[in-house]
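Structural overview for review
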Amino acid sequence: MQLGVVPVVLPRTDAQFLARIEADARAYGGEAWLADVRDEAHAWALEHEEPTRRSAYLSLMWQLVDARRAELVGQVVPTPDGRFRTVTPARCSAEHSWDVPGAWVASWMGCRGRGPNGQRDHRGHHRWLCLVPNTDGSECRREVIYPEPTEDCSFVGIG
Ligand SMILES: [Zn+2]
Ligand SMILES: [Zn+2]
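Remember, it's a predicted structure, so these values are computed and weren't measured experimentally. (Residues numbered from 1 in each chain as written. Chains lettered and ligands numbered in written order. Predicted model: local features only at pLDDT ≥ 70, side-chain atom pairs only at ≥ 80, totals over all residues. Heavy atoms only, no water.)

**With respect to the coordination of the zinc ion (ligand 1)**
Protein-derived ligands of the zinc ion (ligand 1) are Cys92 (SG), His96 (ND1), Cys130 (SG) and Cys140 (SG), with the metal-ligand distances lying across 2.1 to 2.3 Å. The site at the zinc ion (ligand 1) holds four donor atoms, and with the angles between them running 103 to 115°, its shape is tetrahedral. Here the donor residues of the zinc ion (ligand 1) are spaced in sequence according to C-x3-H-x33-C-x9-C. Here His96, found in the loop between β2 (84–86) and β3 (104–110), pairs with Cys140, found in the loop between β4 (124–130) and β5 (143–146); they are 44 residues apart in sequence, far enough to count as distant. The pair His96 / Cys140 is uniform in exposure class, with both members buried. (Donors = N, O, S within 2.8 Å, 3.2 Å for Na, K, Ca; no water. Tetrahedral: all angles 85-135°; square planar, octahedral: opposite > 155°, others 65-115°. Helix = DSSP H or I, 4+ residues; strand = E, 2+ residues; numbered from the N terminus. Buried < 20%, exposed > 50% of the residue type's maximum accessible area, 1.4 Å probe, protein only.)

**Some thoughts on the coordination of the zinc ion (ligand 2)**
Coordination of the zinc ion (ligand 2) by the protein is provided by Cys111 (SG), His122 (NE2), His125 (NE2) and Cys153 (SG), with metal-donor distances spanning 2.0 to 2.3 Å. What the four donor atoms of the zinc ion (ligand 2) show is an angle range of 103 to 116° at the metal, which sorts the shape as tetrahedral. Spacing between the donor residues of the zinc ion (ligand 2) along their common chain follows C-x10-H-x2-H-x27-C. Placement of the pair is His125 in strand β4 and Cys153 in the segment after β5, with a sequence separation of 28 residues. By relative accessible area, which is 16% here, Cys153 ends up buried.

**Considering helix α2 (residues 53–72)**
For α2, which comprises 20 residues, the first-to-last C-alpha distance of 29 Å matches the rise-based estimate of 28 Å (1.5 Å per residue) to within 8%. Listed in full, the buried residues belonging to α2 are Ala56, Tyr57, Leu58, Leu60, Met61, Leu64, Val65, Asp66, Arg69 and Leu72. Residues of α2 that are buried make contact with α1 (14–46). A positive backbone phi angle near 90° is found at Gly74, which sits one or two residues after α2. (Expected span 1.5 Å × (residues − 1). Contact = heavy atoms within 4.5 Å.)

**Observations regarding unusual backbone geometry**
Apart from glycine, the bulk of residues carry a negative phi angle, and the bulk of peptide bonds sit in the trans form. Omega for the peptide link from Glu50 to Pro51 comes to 5°, which places this bond in the cis form. Relative to the helices and strands, Pro51 resides in the loop between α1 and α2. In this structure, Pro147 follows Tyr146 across a cis peptide bond, with omega equal to -10°. Positive phi outside glycine occurs at Glu95, with the angle close to 65°. Here Glu95 lies in the loop between β2 and β3.

**Here's the deal with the domain arrangement of the protein**
Annotation of the protein at the domain level lists domain 1 (14–78) and domain 2 (90–159). Computed over C-alpha atoms only, the centres of domain 1 and domain 2 are separated by 26 Å. For the pairing of domain 1 and domain 2, the buried interface totals around 550 Å² over both sides, and the portion due to carbon and sulfur atoms is 41%. Contact with domain 2 buries surface across domain 1, with Arg69, Val73 and Gly74 losing the most and accounting together for 66% of the total. Counting every contact that joins domain 1 to domain 2 gives three salt bridges. The salt bridge partner of Arg91 is Asp66, with a shortest N-O separation of 3.0 Å. (Domains from an automatic or database assignment. Buried area = accessible area lost by both parts, 1.4 Å probe. Salt bridge = Lys/Arg side-chain N within 4 Å of Asp/Glu carboxyl O.)

**Points about the packing of aromatic side chains**
Two measures describe an aromatic ring pair: the distance that separates the ring centres and the angle between the ring planes. Taken as a whole and assessed by the stated rule, the structure comprises zero aromatic pairs. Directly above the aromatic system of Trp33 lies the positively charged group of Arg68, at a separation of 5.2 Å from the ring centroid. (Phe/Tyr/Trp six-rings, centres within 6.5 Å; stacked < 30°, edge-to-face > 60°. Lys NZ or Arg CZ within 6 Å of the ring centre and 35° of its normal.)

**So, the packing of α1 against α2**
Interhelical geometry of α1 versus α2 gives an angle of 130° and a closest axis separation of 8 Å. Taken together, the axis directions place α1 and α2 in an arrangement best described as oblique. When the axes of α1 and α2 are compared, the crossing they make is right-handed. Residues that form the contact of α1 with α2 fall into these classes: 22 nonpolar, two polar and nine charged. (Axes fitted to C-alpha atoms, helices over the stretch in contact; angles between N-to-C directions. Parallel < 35°, antiparallel > 145°, perpendicular 65-115°, else oblique. Left-handed = near helix turned anticlockwise from the far one by under 90°. Nonpolar A, V, L, I, M, F, W, Y, C, P; charged D, E, K, R; others polar.)

Following this line, the structure appears as structure tokens:
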């Protein structure tokens, strides 16, 4: 398996935004799930009059894909070019969007943690550090750790 850094292209138009959402939906759930999302967003859009119908469609698509992404954080999904990537959180706890280049740095913490049944159930945690500036210009530095550490976690090589 090849893990690559996927270049982030920021959407500038609705069409680009939709293409991005659909590519994510495909990665997170395959064609069948994308079709479900389209159906649901389409039904929702029909409840809106023009000219807000298209933005209603986009916004529901985005919400569904965003929720799915949150469930998949830390898991590996395929990319359109046949590679794989780890699903990253969409934002830090201060709501800074992480869909911009250079928004975060990723690291890995080894862990000898055990699950509720006493079995070793994970080998470590993903850690993402937010580099987005706060409104006062200081660096955010909030971390998102996945899976969330529990009291049974025992980090390797960290004091
Ligand atoms: Zn942040
Ligand atoms: Zn752990």
